[in-house]
Amino acid sequence: MIQAIGLTSDPRKDLPPAVDDVSFEARAGRVTALLGGPGAGKTTVLRLMLELQRGRGVTYFRGRPLHRIAHPSREVGVVLGDVPGHPARTVRGHLRMLCAAAGVPARRADEVLEVVGLVSLRDERLSTLSRGMDRRLGLACALLTDPHTLVLDDPAGGLSTREKRWLHGMLRAHVAQGGTVLFSTADPKEAAGTADQVVTLERGRIVADQEAADFARTRLRPRVAVRTPHAPRLATLLAKEARATHRSVEVVRESGNRLSVYGSTCADIGETAFRHGIPVHQLADEIGDMGPAAAADRSAGEAARADVAPQRKAAAARSAGSREQTATRARRGGPTGAESSSATEAAQSSATASEPARKRRERPAASQESADRSPQKTAARTPQARSGGRKRTATEADAEAEAAEDAPRQRAAEAPSAGLDALPELPPPISVRPAPSPLRPLRYELRRAAGVGTGFVTCGVVLLVSAVTAVLLARIGHTPRPRLMAGWPVQLPLPPAALGAGLLGAIAFGDEFRHPALAADRGTVPRRLGLLTAKLLVTTATALLLAVLTLGCDIEMLYLVYGRELAEVPSDWLRLSASWFGLVVGCAWAGVLAAGLFRSTTAGLAAVVAVPVAVVPVVQKVVEGPSVRTAAGFPLRMRELLLNQWPFGGERYVEAVARLVAQPVGGALTLSLAALLGAFLFTTLRGKVR
């Protein structure tokens, strides 16, 4: 159940609030429609309910506001427009990534894909999906954690008639299981035909809160739709009779040969047309604004029924033919329909085995029909076992054989008509452990990073640029060997590997704001420390791998081009390696923290470049400037104070770290990381307080 109390948006400058004191209830087991024209405040109401926009008022979801729910996605499934996923990610990869974030098994992605009918498109990229398929994927994302409540903003906008019918069936199936559905729409006909309760908004205020039947009777204008080749003549006659009987009847000429008659009934119009010999091709009651779009919807519905009709006739013809063949074979003593169908099933199974997997999935109905037919045919072949050993006549055997053969075919012929009215199936319930797990954000980050090719392309470009730069620097000369192996010219502030690691770190958080897959229920990417830790861990592993591969590729290229002389490892390789790995990992961390703080990939990369360009000169000026006292002997005093009792020579590692930090680049990077981390934590705590 949803209870919205006093929802009011913050006014902007001198303008009144877009939503003012909106209160209503959406009960469980019912579909509630939020109806209003453009600018009525429907989307603002939903955003206030989901705490995506600042304002006053509170919304309770089964007695709790959203910020009091530990995992909002398990309580509320949200569809606000298109799916906010990376366009290069596959449909299945996107759902599996969300499964990792929500703590549900990965198989749940396949279950919801089967329910929404996207199994055949699971390997397609999000950028290739049509509007209808995108809405199906959005509903799959909302149903992933089996929520109790569904909140949808104009879910049927821009969809075809068939897609709308399927979507409304899914909403009905959800409320049939005890769930709550709230959706917004601007179409009164859709609200009256789909919802159980209609809440009407106008200029940010509620003007009506009614049952769907009351809404259709009081707020929609009923009319009679008439199609006739003599529309002008019939319109004149109807108006003349209305004036003669002093009735208020309005006749509106629509496009083509269509009339819309207000204030009359089908019976009166039919009698008038019959008395004057006017043929009528359509005569139906309508409610609401059912103009050309509705006419197109009806045409599509008629086309769908026309497609189903030949299938039903063909099934009935096959059923009649099979009964005649069965009776003839029984009289001649030949094989019965059950035996001949067994051979047919064997031939069909061999043909199905040779078909591709996709065509095999397209024929589940035929497979089910064969499965249903087999037990009955087996029973028909053993009549004595069912009758307790009583010997029956040939007429009784023929009758039972006909009944056994005819029953599944009748079910197959009735299946299309039953499927038109049946509600679609929902994914099975799933239990999600409420206890948080530290592996959930790590699994999510791994699937997010590996689900698109941006990281792999970036690493490949970095390795290529670094190798080419190392070869060119060796040809020019006058470059120290450590810089040569790293492909780091003196003119550049950072080597290609450090820039690439910083870019990967910036993308790790920048993509969360550009394609906010986690923000459907909260509006902004949650700055949780668990998510930050997972991103830092994955970025660290990626940066270390990139640093090792860069050194290996550069040394191998130098050896292949110039021989062993330039490929020899320096004697102080341990100190140089520590400095190299620290630089690459530090740049990656700076990119992650800056992108998470400023909500932009560009800002993250700019922070990485700003460290050597802006911060390092400042640190050098401070260190090299005049001073009254120096820190001479600081390492020795630190060793005497803290490091005497350290086991396994731990003081050596601490001293090495201190030397790295004492360098201008290391100090500037450490200072930048500390500032970014402090700002990130401050922003996180401030958001929690708010």
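Heads up: these notes are all about the structure in this document. In this numbering scheme, every chain counts its residues from 1 along its sequence in written order. Thresholds applied to this predicted model are a pLDDT of at least 70 for local features of residues and 80 or more for the giving and counting of side-chain atom pairs; totals over whole chains, interfaces and linings are not thresholded and use all residues. Excluded from the side-chain calculation are hydrogens and water; included are all heavy atoms of the structure.

Moving on to the packing of helix 21 (residues 529–562) against helix 22 (residues 573–598). What counts as an axis is a line fitted to C-alpha atoms, over the stretch in contact for a helix, and the angles between N-to-C directions run from 0 to 180 degrees. A run of DSSP states H or I qualifies as a helix once it reaches four residues; a run of E qualifies as a strand once it reaches two. Both are numbered from the N-terminal end. Relative to each other, helix 21 and helix 22 sit at 140 degrees, their axes nearing to 9 Å. The handedness of the crossing between helix 21 and helix 22 comes out as right-handed. Side by side, helix 21 and helix 22 meet where L532, K535, L536, T539, T540, A543, L544, A547, V548, T550 and L551 of the first sit next to W580, F581, V584, V585, A588, W589, V592 and L593 of the second. Gly is put with the polar residues, along with every residue not named as nonpolar or charged; the nonpolar set is Ala, Val, Leu, Ile, Met, Phe, Trp, Tyr, Cys and Pro, and the charged set is Asp, Glu, Lys and Arg. By residue class, the composition of the contact of helix 21 with helix 22 is 15 nonpolar, three polar and one charged. Left-handed describes a crossing whose near helix is turned anticlockwise from the far helix through less than a right angle; right-handed describes the clockwise counterpart. Residues count as neighbours in contact if any of their non-hydrogen atoms are within 4.5 Å of one another.

Our focus in this paragraph is the sheet that holds strand 7 (residues 149–153). Each pair of strands is called paired provided DSSP finds at least two bridges between the two strands. One open sheet accounts for six strands, arranged 6-7-8-3-9-10; its pairing is mixed. Of all the strands in the sheet, the pair left with one neighbour each is strand 6 (76–80) and strand 10 (205–211). Across the sheet, the axes of successive neighbouring strands diverge by a mean angle of 15 degrees, strand direction being ignored. For strand 3 (residues 31–35) and strand 8 (residues 180–185), the ladder comprises five bridges, and the chain directions are parallel. Following the sheet pairing, V31 is matched in strand 8 by V181. Packed on one face of the sheet, helix 1 (residues 42–49) meets strand 3, strand 7, strand 8 and strand 9 (197–202) and runs near 145 degrees to strand 8. Each of strand 3, strand 7 and strand 8 touches helix 6 (residues 161–176); the most contacted strand, strand 8, lies at about 150 degrees to it.

Once that is clear, we can look at the sheet that holds strand 4 (residues 55–61). The sheet built from four strands is open, its strands ordered 2-1-4-5 with antiparallel pairing. In the strand order of this sheet, the two ends are held by strand 2 (22–26) and strand 5 (64–65), each with one partner. Strand direction decides the pairing type here: strand 4 and strand 5, joined by two bridges, are antiparallel. In the strand pairing of strand 5, F61 is matched with R64. Together, strand 1 (2–9), strand 2 and strand 4 form the strand contacts of helix 1, whose direction differs from that of strand 1 by roughly 115 degrees.

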